[in-house]
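# A closer look at the structure
Okay, here's what each chain looks like letter by letter:
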Amino acid sequence: MKIIQQWKQSDSEFIKKKVIEHNMEQIPDELKTSNENVSFILKDEGQKIVGGITGTMFWHHLHIDFLWVHKRVRGKGYGSALLKEMENYALKNRCRFVYLDTFSFQAPEFYIKHGYTVFGTLENHPKGFNQYFLQKRYEK
């Protein structure tokens, strides 16, 4: 056997598939759901992308991967609108919660304003900043 350092998308997908197969063997059938990538895109009048939100939904939860709004349209409610679309999608699909991570130089206050709570912090990561993990639960 030999360990090699390399990056191939196909190898990465193979490893991911094998981890998912293992995980699916461990949980009860009623918790199993497919892995679905979700996105909502904001386009301007010229059909240029000026914002968007992406996420991954499985096991009755949704992880927000990225939320971005172009500088020229920030502060106009588009980030909130994109987040609301994603949350509505999660609720429509019976997700129990939404979670994400953000850095102190990004938007932790934005998410807290929208009802998210911090459940973990990596302090001084990257150096001089913090990384926050936030969640918004729908089940009681």
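Coordinates for the structure precede this section.
Residues numbered from 1 in each chain as written. Predicted model: local features only at pLDDT ≥ 70, side-chain atom pairs only at ≥ 80, totals over all residues. Heavy atoms only, no water.

### Here we look at the pairing of strand β3 (residues 61-69)
Cut-off, in case you're wondering: Strands were regarded as paired on the criterion that DSSP finds at least two bridges between them. Numbering of helices and strands runs from the N terminus, with a helix taken as a DSSP run of H or I at least four residues long and a strand as a DSSP run of E at least two residues long. Note on handedness: a clockwise path from strand one over the helix to strand two, with the strands aimed away from the viewer, defines a right-handed crossover.
Where strand β2 (residues 49-58) lies against β3, eight bridges are found, and the strand directions are antiparallel. Looking across to β3, one finds that Thr54 is bridged to Phe66. As paired elements, β3 and strand β4 (residues 97-103) share three bridges and run parallel to each other. Within β4, the residue paired with His63 across the bridge is Tyr99. With respect to chirality, the unit in which β3 leads through helix α2 (residues 78-92) into the neighbouring parallel β4 is right-handed.

### Some thoughts on the packing of aromatic side chains
Working definition: an aromatic ring pair is given by the centre-to-centre distance plus the angle between the planes. Here is the rule: Pairing of aromatic rings covers Phe, Tyr and the six-membered ring of Trp, with a centre-to-centre limit of 6.5 Å; geometry is then stacked below 30 degrees between planes, edge-to-face above 60, and tilted otherwise.
For the structure shown, the criterion picks out eight aromatic pairs. A centroid spacing of 6.3 Å and a plane angle of 55° characterise the contact between Phe119 and Phe133, whose relative ring orientation is tilted. Of this pair, Phe119 sits in strand β5 (residues 117-122) while Phe133 sits in strand β6 (residues 131-137), and the two are 14 residues apart along the sequence. Among the aromatic residues, those joined into a ring-pair cluster are Phe103, Phe105 and Phe129.

### Observations regarding the layout of surface pockets
Keep this limit in mind: The method works on a 1 Å grid over the protein atoms by themselves. A cavity is a set of points holding a 1.4 Å probe that cannot get out, a pocket is an open set with protein on both sides within 12 Å along at least five of seven lines, and residues with an atom within 4 Å of a point line them. Grid points are joined across faces, edges and corners, and a volume is the space filled by probe spheres set on the points. In the scheme used here, Gly and all other residues not listed as nonpolar or charged are polar, with Ala, Val, Leu, Ile, Met, Phe, Trp, Tyr, Cys and Pro taken as nonpolar and Asp, Glu, Lys and Arg as charged.
The computed volume of the largest pocket comes to approximately 530 Å³. Around the largest pocket sit 23 residues that line it, and Leu67, Trp68, Gln106, Ala107 and Tyr111 are the ones nearest its centre. Of all the elements in the fold, those that place two or more residues in the lining of the largest pocket are β3, α2, β4 and α3 (108-113). With six residues, β3 is the single largest residue contributor to the lining of the largest pocket. A per-class count over the lining of the largest pocket returns 13 nonpolar, six polar and four charged. Taken together, Lys16, Ile20, Asn23, Met24, Thr33, Ser34, Asn35, Phe58 and Trp59 make up the full set of residues lining the second largest pocket.

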